[in-house]
Amino acid sequence: MVAGNWKMNTTIPDGVALARAVLERCGAEGTVDVAVLPPFVHLWPVREVLAASSILLGAQDVFWEEGGAYTGEISPPMLAGWCDLVLVGHSERRHLFGETDAQTAHKFAAARRHGLMVILAVGETETERDEGRTVPVVDRQLEAVLAEIDAPPPADEWVIAYEPVWAIGTGRTASPAQAEEVCAHIRAAVSARAGESPRVLYGGSVTADNAAELFSRAGIDGGLIGGASLKPELFADIVAAAALAALAR
Ligand code: PGA
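Reading guide: rules and limits
Residues numbered from 1 in each chain as written. Predicted model: local features only at pLDDT ≥ 70, side-chain atom pairs only at ≥ 80, totals over all residues. Heavy atoms only, no water. Core = buried A, V, L, I, M, F, W, Y, C linked by side-chain atoms within 4.5 Å. Buried < 20%, exposed > 50% of the residue type's maximum accessible area, 1.4 Å probe, protein only. Helix = DSSP H or I, 4+ residues; strand = E, 2+ residues; numbered from the N terminus. Contact = heavy atoms within 4.5 Å. UniProt positions renumbered as here; feature names shortened; annotations may be inferred. Near = heavy atom within 4 Å. Polar contact = N/O pair within 3.5 Å; in protein donor to acceptor, adjacent residues only side chain to side chain. Areas by Shrake-Rupley, 256 points an atom, 1.4 Å probe, with all protein chains shown as cover. Pairing = 2+ DSSP bridges. Right-handed = clockwise from strand over helix to strand, strands pointing away.

S.K.: Can you help me understand the nonpolar core in this one?
M.R.: General note: in soluble globular proteins, nonpolar side chains tend to be found buried as a group. In terms of nonpolar packing, the biggest core is built from 63 residues, with Val 2, Ile 186, Tyr 202 and Phe 215 touching the most fellow members. Here this core takes 8 residues from helix α10 (residues 232-248), the largest share from any one element. Residues in contact with Tyr 202, not counting those within four places in the same chain, are Tyr 162, Pro 164, Ala 167, Thr 173, Ala 174, Ala 179, Leu 214, Ile 220, Gly 222, Gly 223 and Leu 224. Membership of the second largest hydrophobic core comes to 14 residues, among which are Met 1, Ala 35, Met 117 and Ile 119.

S.K.: What is the right way to look at the UniProt feature "binding site: substrate" (unreviewed entry) in the protein in this model?
M.R.: According to UniProt, the "binding site: substrate" (unreviewed entry) feature falls on Asn 5, Trp 6, Lys 7, Gly 169, Ser 205, Gly 226 and Gly 227. Spanning 223 residues, the annotated positions come together in the fold, the maximum distance between their C-alpha atoms being 13.8 Å. When you line up the elements, Lys 7 lands in the loop between β1 (2-5) and α1 (12-26). Given a relative accessible area of 19%, Lys 7 falls into the buried group. Considering the arrangement of structural elements, one finds Gly 169 in the loop between β6 (158-162) and α8 (176-194). The class for Gly 169 is exposed, based on a relative accessible area of 74%.

S.K.: Sorry, what's going on with the site of the ligand here?
M.R.: As a structural note, the neighbourhood of the ligand is formed by 13 residues, with Lys 7, His 90, Glu 163, Gly 169 and Ser 205 the closest of them. Within the side chain of His 90, one N or O atom sits 2.6 Å away from an oxygen atom of the ligand. Between Gly 226 and the ligand, the recorded distance is 2.9 Å, taken from a backbone N or O atom to an oxygen atom. The fraction of the free accessible surface of the ligand (280 Å²) that becomes covered by protein chains is 95%.

S.K.: How should the UniProt feature "active site" (unreviewed entry) in the protein be read in this particular structure?
M.R.: UniProt records the feature "active site" (unreviewed entry) at His 90 and Glu 163, using the numbering of this structure. These annotated residues cover 74 residues of sequence, but their C-alpha atoms sit close together, with the largest distance between any two at 8.3 Å. Examined against the element boundaries, His 90 turns out to sit in the loop between β4 (85-88) and α4 (91-96). Exposure remark for His 90: the relative accessible area of 4% places this residue in the buried category. Contacts of His 90, omitting those with residues within four sequence positions, involve Asn 5, Lys 7, Ala 121, Glu 163 and Ile 168. Here Glu 163 lies in the loop between β6 and α8. Classification of Glu 163 by relative accessible area gives buried; the value is 4%. Those residues within four positions of Glu 163 in sequence are excluded, and the remaining contacts are His 90, Ala 121, Val 122, Gly 123, Glu 124, Ile 168, Gly 203, Gly 204 and Leu 224.

S.K.: Quick question: what am I supposed to make of the pairing of strand β2 (residues 34-37) here?
M.R.: In summary, the side chains of a regular strand alternate between the two faces of the sheet. Because side chains alternate across β2, one face comprises the buried residues Val 34 and Val 36, and the other comprises Ala 35 and Leu 37, equally buried. Looking at chain direction, β1 and β2 are connected through 4 bridges and run parallel. When the sheet's bridge partners are listed, Asn 5 is paired in β2 with Leu 37. Following the backbone out of β1, through α1 and into the adjacent parallel β2, one traces a crossover that is right-handed. Relative to strand β3 (residues 56-59), β2 runs parallel, the two sharing 2 bridges. Residue Ala 35 lies in a different strand from β3, and its bridge partner there is Leu 56.

Take a look at the structure:
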């Protein structure tokens, strides 16, 4: 899977144009699941652009309540049935907006109750890595979610994105070996807990230049792409790298 997280970028017309460009370049992709995650207000027009394609449509966040007096929030029933997936636990939600593991877990569970596929993002800060705490931090973030839900979703209905916080938007990609090591740990930990692991993506400064090497590593099943997802030609190159890596497996 290659998922493009547009974050808080593009106006609606620019976002629709970006979706058209992604459709043109990636619409015929048959090996890799391609997803775009535009801002909330773009979701409906982007859905119309992607309607006849297999490109998945995702939201960047969701609130855990069904409805009510929660000014500014978007609930799972508002997305279910026409959005394919939702991202929860992105490091910008955790670190810029103070979201806790418990809140991320509520969001995950609420999205699943409404049948949405979920991409759960986990990852350590630079300090946590320097202190040798990458594995405990990632384990804690995963466990918060697994403890909240009665049973883990089927492996094809959720995805884990390992995104070291220090690599996001910084141009400092984790080395393929670093990414592989943590992705392998996640896979083993979730398999031990849930029976089978969903796909595990790497995210953090993935570019058209480093994607092939990252995706060639065993246990890295694709990428969650920020900056490069805003450039359709780069995003398409990253999708092509994932397709080649999938064929080589
Ligand atoms: P980046 O963002 O590719 O710009 O580093 C990745 C992400 O935040 O998902």
